[in-house]
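Structural features, examined
Each chain, written out:
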Amino acid sequence: MLEIDNLRKRYGDKVALDGVSFAVRPGEMFGFVGANGAGKTTTMRIIMGVLEADSGEVRHEGRPVTYEDRRAYGYMPEERGLYQKMKVAEQVEYFGRLHGLTPAAARRTTAELLERLGLVERRGDAVEALSLGNQQRVQLAVALVHDPGVLILDEPFSGLDPLAVDALAEALKDRAASGVPVIFSSHQLELVERLCDSVGIISAGRMVACGSVAELRAGEGRGLLKVVVRGAAPGWAEGLPGEITVDGDRQVLLSADGDDQTILRRAVQAGHVEHFGRQEPTLVEIFREAVA
Ligand SMILES: Nc1ncnc2c1ncn2[C@@H]1O[C@H](COP(=O)(O)OP(=O)(O)OP(=O)(O)O)[C@@H](O)[C@H]1O
């Protein structure tokens, strides 16, 4: 388990982290979300030891993490960090060697990763000649080449097309499935909702919500009741709590606090009920509520 315990960090007068804590289990994919400037990059830099916290601790498997531990982590920094003139395959191999792989192992792993990430045809190109999406794939290959025990990725999906998102997502899911804790930050909340076992929402340096999407949903209450009735006379829902919208011959009632059975009876009497059910809040709605 990777534990982030009560991290505090100031830049001069600016409080960037104000007691951030969370934990990520082996094999868990943790989505780290928050508005611009909320403190995600600062937290990840502290986990990686690129930046020192004013106080608090990062532990892995019960012990404070050391420089040696971190050498075995995979990291995709916000500022990226590739050699622009170096060729793709050479670059991934080079980072593999820096992490202590033998030349043969670095070559083999590089070939596997380039295949996996759809980069085989670009293996001989200089990084500077690649599109942003392909550069990001190379960056991920570099983060994965030494088979890291922990993966920390700062906005790995930003600027990627849907196919590149899928390729990266599959590679991360694979790593998580092999028992590695994976933390990534993102502003793409639908993606986080789809991929992550748990989510942390940070706002102004504080963790304001943390847990599985199902747990975060449960904290939001029952969700809105949505009823779609076709062919009902106008005014059928008079007196019922909620808002009606008209869509052709359909009327849609969204109700936050009406009694389900009463509303259902009224809807059945009024017309043909096409849909009746509670809408679960999306992560976008949970996020808006949490940072409000
Ligand atoms: N080197 C620095 N010097 C001064 N202030 C900084 C520095 N780095 C970050 N900050 C401030 O600390 C706060 C947290 O920044 P951080 O980069 O961690 O946020 P973030 O959640 O990663 O944002 P984004 O989504 O925009 O990348 C912000 O107010 C930022 O302006």
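Residues numbered from 1 in each chain as written. Predicted model: local features only at pLDDT ≥ 70, side-chain atom pairs only at ≥ 80, totals over all residues.

Here we come to the site of the ligand. Near the ligand you find Tyr11, Lys14, Ala16, Gly34, Asn36, Gly37, Ala38, Gly39, Lys40, Thr41 and Thr42, and these make up its full shell. Looking at the shell around the ligand, the elements that each hand over two or more residues are strand E2 (14-24) and helix H1 (40-48). Top contributing element to the shell around the ligand by residue count: H1, with three residues. Considering only residue class, the shell around the ligand consists of three nonpolar, six polar and two charged. (Near = placed C-beta within 6 Å. Helix = DSSP H or I, 4+ residues; strand = E, 2+ residues; numbered from the N terminus. Nonpolar A, V, L, I, M, F, W, Y, C, P; charged D, E, K, R; others polar.)

On domain assignment, one finds that the chain holds domain 1 (2-218) and domain 2 (224-291). The C-alpha centroid of domain 2 is placed 41 Å from the C-alpha centroid of domain 1. Counting residues at the interface gives 13 residues for domain 1, matched by nine residues for domain 2. Going through the elements one at a time, helix H7 (189-195), strand E9 (198-203), strand E10 (206-211) and helix H8 (213-218) are the ones with two or more residues in the side of domain 1 that touches domain 2. Grouping the constituent residues of the side of domain 1 that touches domain 2 by class yields 10 nonpolar, one polar and two charged. (Domains from an automatic or database assignment. Contact = placed C-beta atoms within 7 Å.)

Looking now at the confidence of the model for the chain. With 99% of its residues at a pLDDT of 70 or more, the chain shows a mean pLDDT of 92. Confidence metrics for the complex model read pTM 0.85 and ipTM 0.96. (pLDDT = per-residue confidence, 0-100.)

Our next topic: the sheet that holds strand E11 (residues 224-230). The strand order across the open sheet formed by four strands is E12-E13-E11-E14, and the pairing between neighbours is antiparallel. Looking at which strands have only one partner, the edges of the open sheet turn out to be strand E12 (243-247) and strand E14 (272-279). The sheet shows a mean angle of 15° between the axes of neighbouring strands, taken without regard to direction. Relative to strand E13 (residues 250-255), E12 runs antiparallel, the two being bridged by five bridges. What sits directly across from Asp247, in E13, is Arg250. (Pairing = 2+ DSSP bridges. Axes fitted to C-alpha atoms, helices over the stretch in contact; angles between N-to-C directions.)

To continue, consider the pairing of E9. Counting buried residues in E9 gives five out of six residues, a clear majority hidden from the surface. Note that strand E3 (residues 29-34) and E9 share five bridges and pair parallel. Following the sheet pairing, Gly31 is matched in E9 by Val199. Relative to E10, E9 runs antiparallel, the two being bridged by five bridges. (Buried ≥ 20, exposed ≤ 12 C-beta atoms within 10 Å, placed from the backbone.)

Let's shift gears to the nonpolar core. Counting 64 residues, the largest nonpolar core has Val92, Ala141, Ile152 and Val182 as the members making the most contacts within it. For this core, the leading source of residues is helix H5 (residues 132-144), giving six residues. Per-domain counts for this core show at least three residues from each of domain 1 (2-218) and domain 2 (224-291). Excluding residues that lie within four positions of it along the chain, Val92 makes contacts with Thr110, Leu113, Val138, Ala141, Val142 and Val145. Core analysis: the next-biggest nonpolar cluster, separate from the first, contains seven residues, Leu225, Ala232, Ala237 and Ala267 among them. (Core = buried A, V, L, I, M, F, W, Y, C linked by C-beta atoms within 7 Å.)

Right, let's talk about helix H10 (residues 283-291) for a bit. Because each turn of an α-helix spans 3.6 residues, side chains separated by three or four positions in sequence point in the same direction. Those residues of H10 not exposed but buried are Leu283, Ile286, Phe287 and Ala290. For H10, the buried positions fall inside an angular range of 100° around the axis, keeping them on one side. Buried-residue contacts for H10 involve E3, H7, E9, E10 and H8. (Arc of directions from axis to C-beta.)

Right, let's talk about unusual backbone geometry for a bit. Unusually for a residue other than glycine, Glu61 sits at a positive phi of about 50°. Along the chain, the position of Glu61 falls in the loop between strand E4 (55-60) and strand E5 (63-64). Among the residues examined, Glu61 registers 11 C-beta atoms within 10 Å and is labelled exposed. We note that Glu155 has phi near 50°; this positive angle belongs to a residue other than glycine.

Of the pairings in the sheet, the one linking strand E1 (residues 2-11) to E4 comprises five bridges and is antiparallel in character. Looking at E4, one finds that Asp5 is bridged to Glu57. Bridge count for E4 against E5 is two bridges, and the pairing is antiparallel. Opposite His60, over in E5, you have Arg63 as the bridge partner. Linking E4 back to E5 in an antiparallel pair, the connection comprises two residues, with Glu61 at a positive phi of about 50°.

With that out of the way, let us pick up the packing of helix H3 (residues 88-98) against H5. Following both chains from N to C, one finds H3 and H5 inclined at 25°, their axes separated by 8 Å at the closest point. Compared by their axis directions, H3 and H5 come out roughly parallel. The two elements H3 and H5 meet at a crossing, and its hand is right-handed. Residues Val88, Gln91, Val92 and Phe95 of H3 touch H5, and the partners they reach there are Val138, Ala141 and Val142. When the residues that make up the contact of H3 with H5 are grouped by side-chain class, the tally is six nonpolar, one polar and no charged. (Parallel < 35°, antiparallel > 145°, perpendicular 65-115°, else oblique. Left-handed = near helix turned anticlockwise from the far one by under 90°.)

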